[in-house]
Structure formats: structure tokens, C-alpha cells
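What follows is each chain in one-letter form.
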Amino acid sequence: MIVALTLVAAGCASQGPQEVLGSAMVTAAVSDIVGNHAIFITTTRKRSDDPNQGFDGDRSSTLNYARVNVTVPKIHQVGQIERKSRGRSDDPSKYFMASQMVGYDTEPKFEAALNADIAARGGRAMVFVHGYNTSFDDGVYRLAQIVNDSGYPGTPVLFSWASGASTTGYVYDRESASVARDQLEVTLRTLARSGARRIDIVAHSMGTWVTMEALRQLAITGDRNLNGKLGDVVLASPDIDVDVFKSQMRRYGKPDKPFIVLLSDDDRALRLSGMIAGSRPRLGDYKDAAELADYGVTVVDLSSKSGTDRFNHNKFADNPEMIKLLGQRLREDDGYASDRSVTDRMKQLGMM
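Note that the coordinates shown come from a computational prediction; the quantities given were computed from them, not determined experimentally.

Thresholds, definitions, all that
- Residue indices follow the written sequence of each chain, beginning from 1 at its first position.
- Where local features are concerned, this predicted model is filtered to residues with pLDDT of at least 70; where side-chain atom pairs are given and counted, the filter is 80 or more; whole-chain, interface and lining totals use all residues.
- Calculated side-chain values reflect all of the structure's heavy atoms, with hydrogen atoms and water omitted.
- Each pair of aromatic rings taken from Phe, Tyr and Trp, with Trp reduced to its six-membered ring, is defined by centres within 6.5 Å and is described as stacked if the planes are under 30 degrees apart, edge-to-face if over 60, and tilted in the remaining cases.
- Secondary structure elements are taken from DSSP: a helix is a run of H or I of four residues or more, a strand is a run of E of two residues or more, and numbering for both begins at the N terminus.
- Throughout, exposure labels follow a simple rule: accessible area from a 1.4 Å probe, protein chains only, divided by the maximum for the residue type, with under 20% read as buried, over 50% as exposed, and the rest as partly exposed.
- Lysine and arginine charges are scored as sitting over a ring when NZ or CZ, respectively, is within 6 Å of the ring centre and within 35 degrees of the ring normal.
- Grouping buried Ala, Val, Leu, Ile, Met, Phe, Trp, Tyr and Cys residues that are joined through side-chain atoms within 4.5 Å yields what is termed a nonpolar core.
- Whether two residues touch is decided by their heavy atoms; if any such pair falls within 4.5 Å, the residues are in contact.
- By this definition, two strands are paired if DSSP reports at least two bridges between them.
- Angles here are taken between N-to-C directions and fall from 0 to 180 degrees, while the axes themselves are lines fitted to C-alpha atoms, restricted in helices to the stretch in contact.
- Whenever Lys or Arg places a side-chain nitrogen within 4 Å of a carboxyl oxygen from Asp or Glu, that contact is recorded as a salt bridge.
- Multiplying 1.5 Å by the helix residue count minus one yields the expected span of that helix.

How would you explain the packing of aromatic side chains if you had to name every residue and give the values?
Enumeration according to the criterion identifies eight aromatic pairs in this entry. The interplanar angle of 25° and the centroid separation of 6.4 Å between the aromatic rings of F128 and F316 together place this pair among those described as stacked. Linking F128 in strand β4 (residues 124-129) with F316 in helix α9 (residues 315-318), this pair joins segments that are 188 residues apart in sequence. In this pair, the class of F128 matches that of F316, namely buried. A network of ring pairs unites the aromatic residues F40, Y65, Y104 and F110 as a single cluster. Positioned above the aromatic ring of W209 is the side chain of R174, whose terminal nitrogen or guanidinium carbon lies 5.5 Å from the ring centre.

Written as C-alpha cells, this is what we have:
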């Protein structure tokens, strides 16, 4: 069992130095930078004693707020996150680098900054909910990569729940995910008040369970689509028991715009997660697309596509073709017909 836990937990994130900010920054020319992204953050993590780390894996009793600016080097390859290794200089011309992090000690201060950014970016916002075994810095850099490679034009918001980022912390992460669902609901309601006209959600792995629970709670209160502002809901490699997902969808109701589930039958992380759960199928490797369609779900099968991680768990972001099509889907704003056209191309990608 310990071996299985270790393999599952290892499948979601890299195990780097867990630092967002570096300490020995090398100056880079503007021509060496291909992207500069302001990432807004709501998190159930505690603030770290190490200012370079930002937030650690312990749980906070309150929601914390921050913003991090991340640069992407010109040498960046689509689907990759170029991170420095230990002992290397913090060189923005070679690596993803965070130039500064701003903390907000009150929700109103955070909302004011968030609202201004959303207004400047055309009223669009996207929330990314990371998976298990994900440190704070891994979540920040993954969202920066998604935004950069997809060409997303709106405001990116990272909801970072208190994953322990440990290879033996699967149970801790499951419980941290449970703790976080109310605060994700708070985050979504904050965005709905912000002036955003469209709020997209991209969730990965265990983060999809947190997302579905928050959406379920919104439905219970009669506000399942955030007063008409909810856009796309993308569930990538969802680590959710299939029966649990069906129950969540029954409570939520058939969505006005189908949720998108990105799955792959060679996802080794989900296979091991299913073993831990008593050989129960996970949504991320469930093959009955027709049955899921009855719940208002569009399935995109990425089994035939390659990824860069050995567990095939991150194809939604590290497959260059997929991340570009996902970006097109998120950028569409002309109604259901054009949305469906891009989704059809995403489905066709999985057949190639």
C-alpha cells in the first residue's frame, strides 16, 4: 500500500525546491522574455516563514490572498515548465521566474486589485484548481504555463488548497481538499461580484473533486451558474469516484453548457488511485462517454496522445496540441455553436 501511495502521489507534480521567489536574480533583457503574467491567488494554505516560499502545505483557518508576477523565457517550449535546478542562478532568460509577490491582508484590498485587473482584461477570469502532491510554487508555475501556452486573455486566478506536496500524503491531501471546498465557493462568489462577465474553471486531478463540491454547494443555494457568469468547466484527469461524480451532477443538474472531461486510459496515477479506493473506477479513466453525456458532460479522450510526465497525468497542459486547443475553447465568446466547434476539434485530436 505504501508503494502505491508513493507512486500515486508522485504523479502530479515535480519535487523542486518549493520556492516561488529566488534570491539571486540575474538581469534579463526584455527580448529574452516571451510572457509576463500576473497570477492572482486565493489559498487555504498558511503563510510560510520563508518569504521565498510564500505559502506552505499547512492548512489555514482563513482564506489568504496574494498576487505573483511570473515571467516566461523566450526559449520556452509549449507544454513545458522550465524550472531551475538547485544551485542554478535565477535567470529569467532561461527559466520561469516570479519577479515579485504581493500579499493582501484583507479581502477588500484583494478584491480591489482583482476587479481592476479583470476590468482591464475585458471582464474575463479563469480559476485554476491544482491537484494533489502540488506545492504552492508548482501551482503558480503550472497556471503561468497554461495561461502563456493557451493564449488566455483574461485574469488568471489560482485557487491553491493545502496540499502537503508529499509522496506519502495522499490521505492528508484528500482531507485538505475537503477543508477547501467552502473557500473555493467563496472565491467563485468573489469573482461573480468582481464585474467579470465570464468565469471559466480549469481543475486538475484531486482539484476536480474540490471544484465539483463547490459547484454542488452553489447549486444547493440556487446559484449554480454564478448568476449567468459561469463559462467553461474543464475537469482534467479527474480523481473522482465515478459514482460520486454522478451524485454530484445529479445535485448540480444538467449544466447549460456541457462540462468538459479530459481523460486518458493510460493515466497511471489514476489507475493507482483507483487501487487505493478498492479498485473503483475514477472519472479520469472512465470510458463510457455516452453515459456521461446524459449528465451534461462532453468527454475528450486523450489516450492516444503523448505527455511529458511518466504517469500520463498532465496531458491537458503538457501536450502542445491539447493546450493550444484548450486555449481556443476558453477564448471563444460567440455562443454555444462556436464553442462546440472547438470542442469537436478537441475530441478529434484524441482520435488522431
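The rest of the description comes next.
Which residues make up the nonpolar core, and what values go with them?
Generally speaking, soluble globular proteins have nonpolar side chains that are buried together. One finds V127, F159, W161, L188, V210, L215 and F245 to be the most contacted residues of the largest nonpolar core, which totals 54 residues. Beyond its immediate chain neighbours, meaning those up to four positions away, F159 contacts T42, T44, L63, V127, F128, V129, H130, A180, Q183, L184, T187 and V210. Counting residues in each nonpolar core, the second largest holds 36 residues, with A66, V70, V202 and M346 among its members.

Account for the sheet that holds β4, naming residues and giving values.
Taking strand neighbours across the sheet as the criterion, the nine strands line up as β3-β2-β1-β5-β4-β6-β7-β8-β9 in an open arrangement whose pairing is mixed. In this open sheet, the two strands that pair with only one neighbour each are β3 (97-104) and β9 (297-301). Strand after strand, the sheet turns through a mean of 20° between neighbouring axes, direction not considered. Note: β4 against strand β5 (residues 155-160), five bridges, orientation parallel. Counted as the bridge partner of F128 is L158 from β5.

So what's going on with the pattern of salt bridges? Residues and values would help.
On inspection of all chains with the given rule, the structure shows 20 salt bridges. Residues K246 and E291 are paired through a salt bridge, measuring 2.3 Å at the closest nitrogen-oxygen approach. Remark: E291 occurs in helix α8 (residues 289-293) and K246 occurs in helix α6 (residues 242-252); sequence separation between them is 45 residues. When salt bridges that share partners are traced, they join R124, R198, D200, D232 and R329 into one network.

With reference to specific residues and values, describe helix α3 (residues 136-150).
For α3, spanning 15 residues, the distance from its first C-alpha to its last is 21 Å, which sits close to the expected 21 Å at 1.5 Å a residue. Where burial is concerned, most of α3 is hidden: 15 out of the 15 residues are buried. Just beyond α3, the residue with positive phi is G151, at close to 70°.

Got a sec to walk through helix α5 (residues 207-220)? Specific residues and values, please.
Look at α5: 20 Å from first C-alpha to last across 14 residues, which is about the 20 Å you get at 1.5 Å a residue. Burial of α5 is extensive: 12 of the 14 residues sit out of reach of the surface.

Give me unusual backbone geometry: which residues, what numbers.
Positive phi values are uncommon outside glycine, yet A165 reaches one of about 50°. Residue A165 is classed as buried on the basis of its relative accessible area of 11%. Positive phi outside glycine occurs at N312, with the angle close to 55°. Relative to the assigned elements, N312 resides in the loop between β9 and α9.

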